[in-house]
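Chain residues, written in single-letter form:
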Amino acid sequence: MTDKQRNFIQRIVDEDNLSEKFDKRVHTRFPPEPNGYLHIGHAKAICLNFNIANEFGGQCNLRFDDTNPISEEIEYVNAIQDDVSWLGYSWDDRLCFASDYFEKMHKYANQLIEQGDAYVCDLSSEEIRQSKGSLTKEGKNSPYRERSVEENLKLFSQMTSGAFKDGERILRAKIDMSHPNLNMRDPVMYRIIHANHHRTKDAWCVYPTYDWAHGLEDSIENITHSLCSIEFEDHRPLYDWYLDKLDIYHPQQIEFARLNLDYTVMSKRKLKKLVDDKYVSGWDDPRMPTISGMRRRGYTARAIRDFMNEVGVAKRDNIMELAKLEYHLRQDLNKICERRMAVLNPLKVVITNYPKNSSEMLEAINNPEDSSAGVRDISFSGELYIEQNDFMEDPPKKFFRLAPGREVRLRYAYFITCNEVIKDDKGNPIELHCTYDRKTKGGNAPDGRKVKATLHWVNAQDSINATVNSYDRLFSDPSPDSAKDFLTVMNTNSLEVLSKCMLEKSLSEFGPGETVQFERLGYFCPDLSTSQEKPVFNRTVTLRDSWSKFAKGK
RNA sequence: UGGGGUGUCGUCUAAUGGUAGGACACCAGGUUUUGGUCCUGGCAGUCGGGGUUCGACUCCCUGCGCCCCAGCCA
């Protein structure tokens, strides 16, 4: 399956290597604009670009496409580097900035002017829109289209030196106002923006547009294969036009379909809205599809990379199921996470025949999938907590956990039998009185009798009180983008804060970034805000749970 | 509407003129001191209509659906 199933981009590179189109060189780049945090959609582009380079022994640059000072910030530049590194990729010394090429780009612009391929236009943005035509109507030539080279050179120089206000003039390529591809109707190359750039400060007041800048960036960096998302497909003729007119090194732009995930939004604009309007706690809120959010949630870089390897690369629109991402997450976590016991919604259990005021230590396996993780001791006594939903007074047929008169196993401990249910005024069980079978220590009965359930538990005497953030998807609609207003389909229960959780004592040794399995519940990791005094855990993902599926269905 | 792109199981993705395969999801069973993991089996697809061919997801014609473009955003 892996050998033959090469995606269409790998095949193009194969062919280019065969024909020596780029002298068998492979050099890609990941070119984010620093105007927001990276999300899982970017991860696809990151993995694609770095993996292609690695596969062919080439290199991949990290390049900030910082051509618009208005929306870009240094905070984003730093966050993006953190995220790419965390994902496991290295750009070595190839940290690039489009802004480093402003001088060169400007010279190239002058060259186009001299060749008669660009001109300064005085039309306002509204007038340009008017004269651009429409999908079906041809555009009209600008009255400034036939200015002399000398005048264009002079005006462009004045634009650059700050003689004009924002929007007063632009530099346009002179192509064809009747072109069926709207991108070719004399597109804008430079606009005037009097704003402080996070790197070049006030050195410039003209900034290159994406179409003009991007091919130059690729060319300057000697990129071979310029991979971008599908909406740039009809920008490719323009990408090619600029490089051909300039007659400089010409990389190949190749477009692929971006990643979409169900139950989430992926546009930076929408994610920024969630952050700015406080629907979430920040770009790294564990419910966000951002790399930083997923990291905080307890995702591993490997899970994301594995997912990307399986997602495939093609050109058709797609919406991946969250379930597939979670499959790879669990797959990875299952192998590497240590197991601990924790009770989220405690129900007290008193072992009536356990010796008073005593306790003992029992041995528990840290990770059944990895014997090198070893074992640990856990304490047991006559007062314990189990999970509220592990007990039912009047259980349905297929419920085989604890119930009056029924015997179950406490993991790594003893068999216990429930004898009495203490209830509050409203009839809710608040305490169970059970007896234990001393001969079942460790969890096996010498007489060979079986129990149908094994419950997790903690010792009431030394367990730690903690808060657990239980996260669910941010949206209730599988396709929030198709709603008129994505904010109206938000899941109002995406965060449940459980503050009465009781954790096995050794859980105090875990810190942020260390995801652990709470047996029978799921994977959890300490939040950035955790402390010894007030431990806070995030639920990364639940375990697969065929019982809850059954319970819900009935 | 002009241009560009794209239609294969529920969701992704292979097969490039020669048995429509894989993964996830779902269903059933086995193992199990996690109703987890693991193992086994099952369900399920070529957008429609013509044509070429011994043979079509693949080539041709035609129709239809979906996505992108009218920022001085990227």
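Below or above, wherever it landed, is the structure these notes cover.

## Remarks on the packing of aromatic side chains
Part 1 of the argument: Per the counting criterion, the structure on display carries 22 aromatic pairs.
Part 2 of the argument: Note on Phe 102 and Tyr 207: the rings are 5.8 Å apart at their centroids and 80° apart in plane angle, and the pair reads as edge-to-face. Linking Phe 102 in helix H4 (residues 102-114) with Tyr 207 in strand S7 (residues 206-208), this pair joins segments that are 105 residues apart in sequence.
Part 3 of the argument: Using a relative accessible area of 3% as the deciding quantity, one classes Phe 102 as buried.
Part 4 of the argument: Classification of Tyr 207 as buried rests on a relative accessible area of 0%.
Part 5 of the argument: Sitting over the ring of Phe 97, Arg 199 keeps its end group 3.6 Å from the ring centre.
Part 6 of the argument: The ring of Trp 86 carries the charged tip of Arg 295 above its face, separated from the ring centre by 5.3 Å.

## Concerning the nonpolar core
Part 1 of the argument: Formed by 48 residues in total, the largest nonpolar core has its most connected members in Ile 9, Ile 40 and Val 84.
Part 2 of the argument: If you list the elements that add at least two residues to this core, you get helix H1 (8-19), helix H2 (40-55), strand S2 (59-64), helix H3 (74-87), strand S9 (252-256), helix H10 (291-297), helix H11 (301-311) and helix H12 (322-336).
Part 3 of the argument: Sorting elements by how many residues they give to this core places H2 first, with nine residues.
Part 4 of the argument: Non-local contacts of Ile 40, meaning those with residues more than four positions away in its chain, are made with Leu 259, Leu 261, Met 266, Pro 289, Ile 291, Met 294, Ile 304 and Met 308.
Part 5 of the argument: Core analysis: the second largest hydrophobic core is formed by 34 residues, Leu 112, Tyr 190, Ile 193 and Val 206 among them.

## Here we look at the pattern of salt bridges
Part 1 of the argument: Tallying each qualifying case throughout the model produces 42 salt bridges.
Part 2 of the argument: Asp 186 serves as the salt-bridge partner of Arg 145, at 2.8 Å between the closest nitrogen and oxygen. Of the two residues, Arg 145 is situated in the loop between helix H5 (125-131) and helix H6 (149-161) and Asp 186 in the loop between strand S5 (170-173) and strand S6 (188-192); the sequence distance between them amounts to 41 residues. The pair Arg 145 / Asp 186 is uniform in exposure class, with both members buried.
Part 3 of the argument: Across the pair Glu 146 and Lys 174 runs a salt bridge whose closest N-O atoms are separated by 3.4 Å. One end of the pair, Glu 146, is in the loop between H5 and H6; the other, Lys 174, is in the loop between S5 and S6, with 28 residues separating them in the sequence.
Part 4 of the argument: Judged by its relative accessible area of 58%, Glu 146 is exposed.
Part 5 of the argument: Because the salt bridges share partners, they merge into one network encompassing Arg 29, Arg 63, Glu 217, Asp 218 and Glu 221.

## Quick look at the sheet that holds S7
Part 1 of the argument: Taken in spatial order, the four strands of this open sheet run S4-S5-S6-S7, and their pairing is antiparallel. At either end of the open sheet lies a strand with only one pairing partner, and these are strand S4 (118-121) and S7. Within the sheet, the average angular offset between the axes of one strand and its neighbour, ignoring direction, is 20°.
Part 2 of the argument: Here S6 pairs with S7 via three bridges, running antiparallel. Following the sheet pairing, Arg 191 is matched in S7 by Tyr 207.
Part 3 of the argument: Contacts between H6 and the sheet are confined to S4, S5, S6 and S7, with S4 contributing the most and set at about 60° to the helix.

## Some points on the protein's contact with RNA strand B
Part 1 of the argument: Near RNA strand B lie 67 residues; those nearest to it are Arg 11, Thr 136, Arg 401, Gly 442 and Gln 517.
Part 2 of the argument: Backbone atoms, meaning sugar and phosphate, form 60% of the atoms of RNA strand B found within 4 Å of the protein.
Part 3 of the argument: In the environment of RNA strand B, a sugar or linking oxygen lies 3.0 Å from a nitrogen or oxygen atom belonging to the side chain of Arg 411.
Part 4 of the argument: Mapped by element, the contributors of at least two residues to the surface near RNA strand B are H5, S6, H11, H12 and helix H13 (546-553).
Part 5 of the argument: Here the surface near RNA strand B takes five residues from H12, the largest share from any one element.
Part 6 of the argument: Residue classes in the surface near RNA strand B are distributed as 23 nonpolar, 19 polar and 25 charged.

## Quick word on the side chain of Arg 169
Part 1 of the argument: Summarising the element assignment, Arg 169 is placed in the loop between H6 and S5.
Part 2 of the argument: Only 3.0 Å separates the side chain of Arg 169 from the side chain of Asp 122, close enough to count as a polar contact.
Part 3 of the argument: In contact with Arg 169, not counting residues within four places along its chain, are Val 120, Cys 121, Asp 122, Arg 147, Leu 155, Met 159, Phe 164 and Ile 192.

## Details of the environment of Leu 87
Part 1 of the argument: In this fold, Leu 87 is placed in helix H3.
Part 2 of the argument: Setting aside residues no more than four positions away along its own chain, Leu 87 makes contact with Ala 43, Ile 46, Ile 291, Ala 301, Ile 304 and Arg 305.

## Let's talk about unusual backbone geometry
Part 1 of the argument: At Asp 23, a residue that is not glycine, the phi angle is positive and equals roughly 55°.
Part 2 of the argument: Residue placement: Asp 23 occurs in the loop between H1 and strand S1 (27-30).
Part 3 of the argument: The exposed category is assigned to Asp 23, whose relative accessible area is 64%.
Part 4 of the argument: Even without a glycine there, the phi angle at Lys 24 is positive, about 65°.
Part 5 of the argument: Note that Lys 24 resides in the loop between H1 and S1.

## A word on the packing of H2 against H11
Part 1 of the argument: As a packed pair, H2 and H11 sit with axes 10 Å apart at the nearest point and diverge in direction by 75°. When the axes of H2 and H11 are compared, the pair comes out roughly perpendicular. Between H2 and H11, the residues in contact are Ile 40, Ala 43, Lys 44, Cys 47 and Asn 51 and Ile 304, Arg 305, Met 308, Asn 309 and Val 311, respectively.
Part 2 of the argument: Classifying every residue of the contact of H2 with H11 gives six nonpolar, two polar and two charged.

## Considering H3
Part 1 of the argument: Compared with an ideal rise of 1.5 Å per residue, which puts 14 residues at 20 Å, H3 spans 20 Å between its outermost C-alpha atoms and is within 8% of the ideal.
Part 2 of the argument: The complete set of buried residues in H3 reads Tyr 76, Val 77, Ala 79, Ile 80, Gln 81, Asp 83, Val 84 and Leu 87.
Part 3 of the argument: Immediately beyond the C-terminal end of H3, within one or two residues, lies Gly 88, with a positive phi of roughly 105°.

Rules behind the numbers
Residues numbered from 1 in each chain as written. Chains lettered and ligands numbered in written order. Predicted model: local features only at pLDDT ≥ 70, side-chain atom pairs only at ≥ 80, totals over all residues. Heavy atoms only, no water. Phe/Tyr/Trp six-rings, centres within 6.5 Å; stacked < 30°, edge-to-face > 60°. Helix = DSSP H or I, 4+ residues; strand = E, 2+ residues; numbered from the N terminus. Buried < 20%, exposed > 50% of the residue type's maximum accessible area, 1.4 Å probe, protein only. Lys NZ or Arg CZ within 6 Å of the ring centre and 35° of its normal. Core = buried A, V, L, I, M, F, W, Y, C linked by side-chain atoms within 4.5 Å. Contact = heavy atoms within 4.5 Å. Salt bridge = Lys/Arg side-chain N within 4 Å of Asp/Glu carboxyl O. Pairing = 2+ DSSP bridges. Axes fitted to C-alpha atoms, helices over the stretch in contact; angles between N-to-C directions. Near = heavy atom within 4 Å. Polar contact = N/O pair within 3.5 Å; in protein donor to acceptor, adjacent residues only side chain to side chain. Nonpolar A, V, L, I, M, F, W, Y, C, P; charged D, E, K, R; others polar. Parallel < 35°, antiparallel > 145°, perpendicular 65-115°, else oblique. Expected span 1.5 Å × (residues − 1).

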